[in-house]
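# Structural overview
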Amino acid sequence: MRPRPPPLARSRSRAQLADRAFSRAAGAEASHGNHVELLLDARENFPAWLAAIAAARHSIRFETYIIDDDPVGNAFVDALCERARAGVAVWCVFDWLGSLKAGALFTRLRDAGVHVGVFNPPHLASPLGWITRNHRKTISIDDRIAFVSGLCVSDKWNGDPGRNREPWRDTGIAVHGPAVADVAHAFDDVWHACEWGTHPPPPVPTTDAPGATQLRVIAGVPDHTGTYRLDLVIASMARRYLYLTDAYFVGTAAYVHALAAAAHDGVDVRLLVPGASDIPALRPLSRAGYRGLIQAGVRVFEWNGTMLHAKTAVADDLWSRIGSTNLNLASWMGNYELDVAVEDARFARRMADQYERDLANATEVVLTRRNRVRRVESTGVAPGPRRAYSGSAGRAAAGAASVGSVLGAALTNRRELGGGEAKLLGYMGVAGVAIAVFEFLWPAIIGWPLALILLWLGGSWIYKAGSLWLGSRGRPAAPDAPLDAASAPAGSAAPDAEPAGEASARASRTAVHD
């Protein structure tokens, strides 16, 4: 019988196994020797960002999904222009859809010498290419500090006391140490992916270690699912608690089952989501998934304020995640996202304490005897006003996936549907009947738009096929390899094999054009 290792050896072996699992799942190696600061809401994030920009001496990389032409947006543009005129090299990436109305700000930045990239504008050759968005929110300055958060550059995060709108609840971090270079490299990958010209940012040197925190910078790109895989691993490894905050929760079946299994195993799993969303149509999609979670023992809470926009997780006083990734398919698999997974007990305890404070301004959702979702009495904090704002196409895509799941279940009976999904089914049923009536009475109303859509899709596919065929004619044929991947002996490499890191980077650069 094999002797068991002593407890200390078992502890180290378990830690090494967890470290290997995190690296493989996230596709990101650990960075050691960092210092991390927790920043809450606009009141702490915006001043810290502006102070760091003002102190920049060499380079600024600035990336956000939304920048609005409002007091906050103009304050940041003024700060970036001032640094550019002072000789600091400034690169900015803004998402085309999220910053659709910010053209005047882009002009001001370019006039000041800032290198501006607008991510993924629509193209006739890619009818659905616009669905992929750059949803990251990062700033890296020189080689000394980086910021990662869920906040965009907009006055909405400050709220509006005159209209009784509270500031949005959101979370960010400031990072000092070697991981600053990882955040900068992730920015550079987006810049190179979109091929904006001849001004790529220079490499950022790795700095000395100013602290003792281990973390991973998870740079999500379409179809790589690093954060999704890591979230599943954490849900599987949590032993005591797992606290989740998300703005646009539309969980996949695999993720919902992972949370339910953890709760069934005795883990205290809690999910905090908005009570009022800036995308009102997404709320019934989120609520449709409550029933199975609550029945499995997951506690679900709705925020009572104007908007909860944070995307965070914390587990077992050991592990935390902060960034831009929402718990839905659009973020996990469709967008460019960036999160930081922090493996530090002190930081995790602070995250858990903040989560408990957030629950003081939230209401728990329970199931009644009639199996309907209702809200229990508040904890004493008056609910904030319910206001609506514009939202993201990526979140709409995640909602479409949830709609497909509910409709498929209704047609195939592959799973039991609950009362929380009745309203969603009702909406879709009414829409289907309305479309059928229009088709019967006025066929041209449906037929002509459908014909134009199919003409657009078919034309784009023919165009891409022709481009690929012409491109392949200009390239020499690759020599036949003596062995295919399946028959190659163990430990051997294919001729002219590309290093895995370079292949991954090349794939991420071409993803936005496919």
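Residues numbered from 1 in each chain as written. Predicted model: local features only at pLDDT ≥ 70, side-chain atom pairs only at ≥ 80, totals over all residues. Heavy atoms only, no water.

### A look at the confidence of the model for the protein chain
Within the protein chain, residue pLDDT values average 80, and 75% of them lie at 70 or more. The model gives residues 371–401 a pLDDT under 50, and that stretch makes 82 contacts with residues more than four places away or in other chains. Contacts of residues 410–415 to residues separated by more than four positions or lying in other chains number ten contacts, the stretch itself having pLDDT below 50. (pLDDT = per-residue confidence, 0-100. Contact = heavy atoms within 4.5 Å.)

### Looking at unusual backbone geometry
Phi at Asn 120 takes a positive value of approximately 55°, unusual for a residue other than glycine. Mapped onto the secondary structure, Asn 120 falls in the loop between β4 (115–119) and β5 (138–141). Classification of Asn 120 as buried rests on a relative accessible area of 8%. The residue Asp 316 is not glycine, and still its phi comes out positive at about 55°. Position of Asp 316 among the secondary structure elements: in the loop between β12 (312–315) and β13 (319–323). In this structure Asp 316 comes out as buried when scored by relative accessible area, which is 12%. (Helix = DSSP H or I, 4+ residues; strand = E, 2+ residues; numbered from the N terminus. Buried < 20%, exposed > 50% of the residue type's maximum accessible area, 1.4 Å probe, protein only.)

### Observations concerning the environment of Met 333
Tracing the backbone through its elements, the reader meets Met 333 in helix α10 (residues 329–334). On a C-alpha basis, the gap between Met 333 and Thr 227 in space is 9.0 Å, while along the polypeptide they are 106 residues apart. Apart from residues no more than four positions distant in its own chain, Met 333 is found in contact with Pro 222, Asp 223, Thr 225 and Tyr 228.

### Some thoughts on the packing of helix α6 (residues 226–237) against helix α7 (residues 253–264)
Orientation of α6 relative to α7, taken along the N-to-C sense of each, is 20°, at an axis distance of 9 Å. What the angle tells us is that α6 and α7 run roughly parallel. Handedness of the crossing formed by α6 with α7: left-handed. Residues Tyr 228, Asp 231, Leu 232 and Ala 235 of α6 lie in contact with α7, whose contacting residues are Ala 254, Tyr 255, Ala 258, Leu 259 and Ala 262. For the contact of α6 with α7, a count of residues per class yields eight nonpolar, no polar and one charged. (Axes fitted to C-alpha atoms, helices over the stretch in contact; angles between N-to-C directions. Parallel < 35°, antiparallel > 145°, perpendicular 65-115°, else oblique. Left-handed = near helix turned anticlockwise from the far one by under 90°. Nonpolar A, V, L, I, M, F, W, Y, C, P; charged D, E, K, R; others polar.)

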